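Below, each chain spelled out in residue letters.
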Amino acid sequence: MESMEEIYRKHADMVFRYIQSLCHDADTAEEVTQETFYQAIKSINSFDGTSKISTWLCSIAKRKLYEYIRKHPPTLESDENIPDTSDPGQIVLGNINKVEILKAIHRLGEEQREVVQLRLFGDLSFSEIGEVMEKSENWARVTYYRAKLKLRKELENE
């Protein structure tokens, strides 16, 4: 088995992007990524090799994110929730009803929703998405394509 240093070097960026795709906050993603690898070091003996190491790390990361959210619930008073109007991307997105897009994504089935979030918000490749979800790259592509069609149809009907 690889050393934890090698595992960290190889998988830290992917774990970070996965968490960031779920929480949409780089600082939180960085903190959760560090907690993930800390937990991985503590429990490396429990890794039985039945899944890929990246899948094991992502499952730890997801649990750590949920723990983080329970301990640090979001507040409306936070300046982080206010869009940055100096950022042109924020202004352009403001013209599209982001809430409706996010509602439509939320209505997708769990697997389609997670694939869309990993692709759009996590910037993961289809190969990485397949690895995280323990499926093939082709499965990730097809699932994303079908979800995209479903979203387009739903948003056109609104």
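Heads up: the structure comes first, above all this text.
Quick caveat, the model's predicted, so the values are computed rather than measured.

Some points on the environment of methionine 4
Point 1. Note on placement: methionine 4 falls in helix α1 (residues 4-23).
Point 2. As for methionine 4 and isoleucine 44, which are separated by 40 residues in sequence, their C-alpha atoms are 8.7 Å apart.
Point 3. For methionine 4, the contacting residues outside a window of four places in its chain are Phe37, Ala40, Ile41 and Ile44.

Section: unusual backbone geometry
Point 1. Residue histidine 24 is not a glycine yet carries a positive backbone phi of 60°.
Point 2. Residue histidine 24 is classed as partly exposed on the basis of its relative accessible area, which comes to 48%.
Point 3. The phi angle at glutamate 134 is positive, at roughly 60°, despite the residue not being glycine.
Point 4. For glutamate 134, the location among the structural elements is in the loop between α7 (126-132) and α8 (137-156).
Point 5. On the basis of relative accessible area, glutamate 134 is assigned to the exposed category, the value being 53%.

Description of the pattern of salt bridges
Any two side chains of opposite charge can pair if their charged atoms end up close together.
Point 1. Enumeration over the complete set of coordinates arrives at 8 salt bridges.
Point 2. One salt bridge connects arginine 17 with glutamate 128, and the closest N-O pair in it is separated by 2.6 Å. Of this pair, arginine 17 sits in helix α1 while glutamate 128 sits in helix α7, placing them 111 residues apart in sequence.
Point 3. The class for arginine 17 is buried, based on a relative accessible area of 17%.
Point 4. Its salt-bridge partner being lysine 62, residue glutamate 114 comes within 3.6 Å of it at the nearest N-O pair. Taken together, the positions of glutamate 114 in helix α6 (residues 110-120) and lysine 62 in helix α3 (residues 53-71) put the pair 52 residues apart, joining distant regions of the chain.
Point 5. On the basis of relative accessibility, which here comes to 12%, the residue glutamate 114 falls in the buried class.
Point 6. Judged by its relative accessible area of 21%, lysine 62 falls in the partly exposed class.
Point 7. Taken together, the salt bridges that share partners define one network made up of Asp13, Arg17 and Glu128.

Concerning α8
Point 1. Taking 1.5 Å of rise per residue, 20 residues should cover 28 Å, and α8 covers 29 Å from first to last C-alpha, within 8% of that figure.
Point 2. All of the buried residues in α8 are Ala140, Thr143, Tyr144, Ala147 and Leu151. On an axial view of α8, the arc spanned by its buried residues comes to 100°, and they lie on one face. Residues of α8 that are exposed and point more than 90 degrees away from the buried face comprise Asn138, Arg146, Lys153 and Glu156.
Point 3. Buried-residue contacts for α8 involve α5 (98-106), α6 and α7.

Calculation notes
Residues numbered from 1 in each chain as written. Predicted model: local features only at pLDDT ≥ 70, side-chain atom pairs only at ≥ 80, totals over all residues. Heavy atoms only, no water. Helix = DSSP H or I, 4+ residues; strand = E, 2+ residues; numbered from the N terminus. Contact = heavy atoms within 4.5 Å. Buried < 20%, exposed > 50% of the residue type's maximum accessible area, 1.4 Å probe, protein only. Salt bridge = Lys/Arg side-chain N within 4 Å of Asp/Glu carboxyl O. Expected span 1.5 Å × (residues − 1). Arc of directions from axis to C-beta.

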